[in-house]
Amino acid sequence: GLIWMSPRPPSSEDWPKEPECLARRKWSLAAFPAMAELPTCETFVFLDLEATGLPNAHPEIAEISLFAIHRFSLEHPERDESGTLQLPRVLDKLTLCMCPEQNFTPKASEITGLSNQNLADNHKAGFNGAVIRALREFLKRQKSPICLVAHNGFDYDFPLLRTELQRLGADLPGGTVCLDTLPALRGLDKVHHHSTRASHGKKSYSLGNLYRRYFDDEPQAAHSAEGDVYALVMVFLHRAQELLQCVQTEAQNWDEIQPMYTPRKRRLSGGSLDA
DNA sequence: TGCCAGGCCCTCTTTAGGGCCTT
């Protein structure tokens, strides 16, 4: 006879016991099956965007930087004689600059050092087909599955990148997942907090402050895309073992990332998207 | 003219407010 394989709703027994960073996570039905099927990510692509403003300004990307690092280098960090963590093997690095059509907010221009005038003076093209092809080819060179990593990425970098891609009718390769180091690190600290409550006051989890706290040093080239990716890689590396565990349960499918805003469609420039 | 992010977290909380975090 026919055996009816009813899909069983997730029960508390299905919730991962390890790592504890997820003890307080609120599970959504949408996230659950994806988590169960998530294969081990091979490559971690750390990324950062500089853009014309914050989400309320409907920003456009002006600079993007990506460092591709294999999980092996994150699992086996190297230190120099003094014990200082060394930047892991960066397999490929891509930094692109583009002239946005949207005006920079004064604050965005101030902190990034980018401006519409300067990018136009340098005859820089916008976020176009050539950018998308470069991104795709860059990702194609990395062993999959790929996990994108960004700080506050769920609320900023990933939705904005999705918006810019959507504007040109493009998207990233299927199967890509993404991780946000901001909630991941907060979650990790929360788990251990009860034992060290009095030791630190309120901690800032901005990328710059994490870097200062972990390395007792000033981040270099802050608010350049490449400088911030460097800081992000080092911050990740400092807690790589824990964060790599979090990926299995905290990562989201790229397909589930909602665009930051609905873009006005733009004519594709910079050539066709066909490979 | 009037609009102007938003999800998460903490707390003097849950009938709420405010700060963080990203540019």
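Data block above holds the structure.
Residues numbered from 1 in each chain as written. Chains lettered and ligands numbered in written order. Predicted model: local features only at pLDDT ≥ 70, side-chain atom pairs only at ≥ 80, totals over all residues. Heavy atoms only, no water.

Draft legend 1. Quick look at the protein's contact with DNA strand B. Neighbouring DNA strand B are 26 residues; E50, N152, K190, Y205 and L207 lie closest to it. Contact distances for DNA strand B include 2.4 Å between a phosphate oxygen and a backbone N or O atom of Y205. Elements with a minimum of two residues in the surface near DNA strand B: β1 (43-51), α3 (106-112) and α7 (181-193). With four residues, β1 is the largest single contributor of residues to the surface near DNA strand B. Tallied by class, residues from the surface near DNA strand B come to ten nonpolar, nine polar and seven charged. (Near = heavy atom within 4 Å. Polar contact = N/O pair within 3.5 Å; in protein donor to acceptor, adjacent residues only side chain to side chain. Helix = DSSP H or I, 4+ residues; strand = E, 2+ residues; numbered from the N terminus. Nonpolar A, V, L, I, M, F, W, Y, C, P; charged D, E, K, R; others polar.)

Draft legend 2. How the structure looks around the pattern of salt bridges. A complete count under the given rule lists eleven salt bridges for this structure. Among the salt bridges present, the one from R167 reaches E164, with a minimum N-O distance of 3.0 Å. Separated by three residues within a single helix, R167 and E164 lie in helix α6 (residues 157-167), roughly one turn from each other. One exposure class covers both R167 and E164, and it is buried. One connected set of salt bridges, linked through shared partners, spans D189, K203, R239 and E242. (Salt bridge = Lys/Arg side-chain N within 4 Å of Asp/Glu carboxyl O. Buried < 20%, exposed > 50% of the residue type's maximum accessible area, 1.4 Å probe, protein only.)

Draft legend 3. Seen up close, helix α9 (residues 225-238). Spanning 14 residues, α9 covers 20 Å between terminal C-alpha atoms, matching the ideal 20 Å at 1.5 Å per step. All buried positions along α9 are accounted for by A225, G227, D228, V229, A231, L232, V233, M234, V235, F236 and L237. (Expected span 1.5 Å × (residues − 1).)

Draft legend 4. Here's a closer look at unusual backbone geometry. Cis geometry is found at the peptide bond from S144 to P145, where omega equals 5 degrees. In this structure, P145 sits in the loop between α5 (129-140) and β4 (146-150). The backbone of H123 sits at a positive phi, close to 55 degrees, despite the residue not being glycine. With respect to the element layout, H123 can be found in the loop between α4 (116-121) and α5. Of note, H223 is a non-glycine position whose phi angle comes to about 70 degrees, a positive value. If you trace the backbone, H223 turns up in the loop between α8 (207-215) and α9.

Draft legend 5. Broad picture of the nonpolar core. Of all hydrophobic cores here, the largest spans 36 residues; its most connected members are F44, F46, L74, C147, L185 and F236. Of all elements in the fold, only β1, β2 (61-70), β4, β5 (177-180), α7, α8, α9 and α10 (240-250) reach the threshold of two or more residues within this core. Among the elements that take part in this core, α9 stands out by supplying eight residues, more than any other. By size, the runner-up hydrophobic cluster in this structure holds 34 residues, among which are L94, I132, F138 and L165. (Core = buried A, V, L, I, M, F, W, Y, C linked by side-chain atoms within 4.5 Å.)

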